[in-house]
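As a plain string of letters, each chain reads:
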Amino acid sequence: MSLDAQWAQRWIELSASAVAEHRDYLVDLDRAIGDGDHGENMDRGFRAAVEALSEAQPGSVAEVLKTVAKTLMSTVGGAAGPLYGTAFLRASKAAGGGDLDGVGVVAVIEGALGGIQARGKATTGEKTMVDAWTPALEAARATAEAGGDAGVVLEAAATAAEAGAAATEPLRATKGRASYLGERSIGHLDPGAVSTSLILRAAARAATEGQDA
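Reference entry: report on the structure contained in this document. As the structure is a prediction and not an experimental result, all values here were calculated from the model. (Residues numbered from 1 in each chain as written. Predicted model: local features only at pLDDT ≥ 70, side-chain atom pairs only at ≥ 80, totals over all residues. Heavy atoms only, no water.)

**Considering the packing of helix 3 (residues 38–56) against helix 4 (residues 61–75)**
Then, number 1: Contact geometry for helix 3 and helix 4: axes closest at 9 Å, N-to-C directions at 135°. For the element pair helix 3 / helix 4, the angle class is oblique. The element helix 3 and its partner helix 4 pack so that their crossing is right-handed. Within the contact between the two elements, helix 3 uses Arg 44, Gly 45, Phe 46, Ala 48, Ala 49, Ala 52 and Leu 53 and helix 4 uses Val 64, Thr 67, Val 68, Thr 71, Leu 72 and Thr 75.
Then, number 2: Classifying every residue of the contact of helix 3 with helix 4 by side-chain character gives 8 nonpolar, 4 polar and 1 charged. (Axes fitted to C-alpha atoms, helices over the stretch in contact; angles between N-to-C directions. Helix = DSSP H or I, 4+ residues; strand = E, 2+ residues; numbered from the N terminus. Parallel < 35°, antiparallel > 145°, perpendicular 65-115°, else oblique. Left-handed = near helix turned anticlockwise from the far one by under 90°. Contact = heavy atoms within 4.5 Å. Nonpolar A, V, L, I, M, F, W, Y, C, P; charged D, E, K, R; others polar.)

**Notes on helix 1 (residues 5–21)**
Then, number 1: With 17 residues, helix 1 should reach 24 Å at 1.5 Å per residue; the first-to-last C-alpha distance of 24 Å fits that figure.
Then, number 2: Structurally, the start of helix 1 carries an N-cap: the backbone nitrogen of Gln 6 is 3.2 Å from a side-chain oxygen of Asp 4. (Expected span 1.5 Å × (residues − 1). Polar contact = N/O pair within 3.5 Å; in protein donor to acceptor, adjacent residues only side chain to side chain.)

**Points about helix 6 (residues 102–120)**
Then, number 1: Taking 1.5 Å per residue as the helical rise, helix 6 with its 19 residues ought to reach 27 Å, and the 27 Å between its terminal C-alpha atoms agrees with that figure.
Then, number 2: Of all the positions in helix 6, only Gly 102, Gly 104, Val 105, Val 106, Val 108, Ile 109, Gly 111, Ala 112, Leu 113, Gly 115 and Ile 116 are classed as buried.
Then, number 3: Contacts made by the buried residues of helix 6 are with helix 4, helix 5 (80–95), helix 7 (130–145) and helix 8 (150–166).
Then, number 4: Of the residues that open helix 6, the one with a side-chain oxygen 3.2 Å from the backbone nitrogen of Val 103 is Asp 101.
Then, number 5: Lys 121 lies just past helix 6 and shows a positive phi near 60°. (Buried < 20%, exposed > 50% of the residue type's maximum accessible area, 1.4 Å probe, protein only.)

**Side note on the packing of aromatic side chains**
One pair of aromatic rings is described through two measures. These are the centre distance and the angle between the planes.
Then, number 1: A complete count under the given rule lists 3 aromatic pairs for this structure.
Then, number 2: Ring geometry for Trp 7 and Trp 11: centres 5.3 Å apart, planes at 25°, overall stacked. Note that Trp 7 and Trp 11 are positioned in helix 1 at a spacing of 4 residues, about one turn of the helix.
Then, number 3: On the basis of relative accessibility, which here comes to 5%, the residue Trp 11 falls in the buried class.
Then, number 4: On the numbers, 6.3 Å between centres and 70° between planes, the contact of Phe 46 with Phe 88 is edge-to-face. Linking Phe 46 in helix 3 with Phe 88 in helix 5, this pair joins segments that are 42 residues apart in sequence. The same class applies to Phe 46 as to Phe 88, namely buried.
Then, number 5: Members of the aromatic cluster, each reached through a chain of ring pairs, are Trp 7, Trp 11, Phe 46 and Phe 88. (Phe/Tyr/Trp six-rings, centres within 6.5 Å; stacked < 30°, edge-to-face > 60°.)

Pasting the structure below:
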């Protein structure tokens, strides 16, 4: 199983749907420990990305991800815009010119995480989206090394991201606006980690749809 531009475009469409569905939830999460605008910003950004893709009709995974990167950087406010924009830009470079197999999926996730860390200077345990992306990469790499195809690798990554997002609740934030709350940040999920889990689950769903088609 390999993943092409059609999968990538469907990934973004499903991400936009998931973010829209969970918009108010993300707002509530961010209101507890941040500016309260994460849900609104992500919803606006992914709606714009879907529109941009429908106009551009990119022909490769890399071109889809590059279009998304540019759109998110120009439409998403707060810290999420630069972080997600850089993530998708690095992912587009890692995707190369063709379709993705399991190893290619690992490269894309690794590129995305690298972009986030380069931009945000965060590491694991600091209650950020890195706490979802890092286990996603680890699970993806292990699954690919075991011979998993692209869809199986994405499923493993999505499941690990969801667990990583859930594991941010007991953490004390030491990075970003949430760090200003100190001990009061404990007991809340990180909104960026949660949106990461939604986006990676959408990627896995898009792959499953393609397999069933």
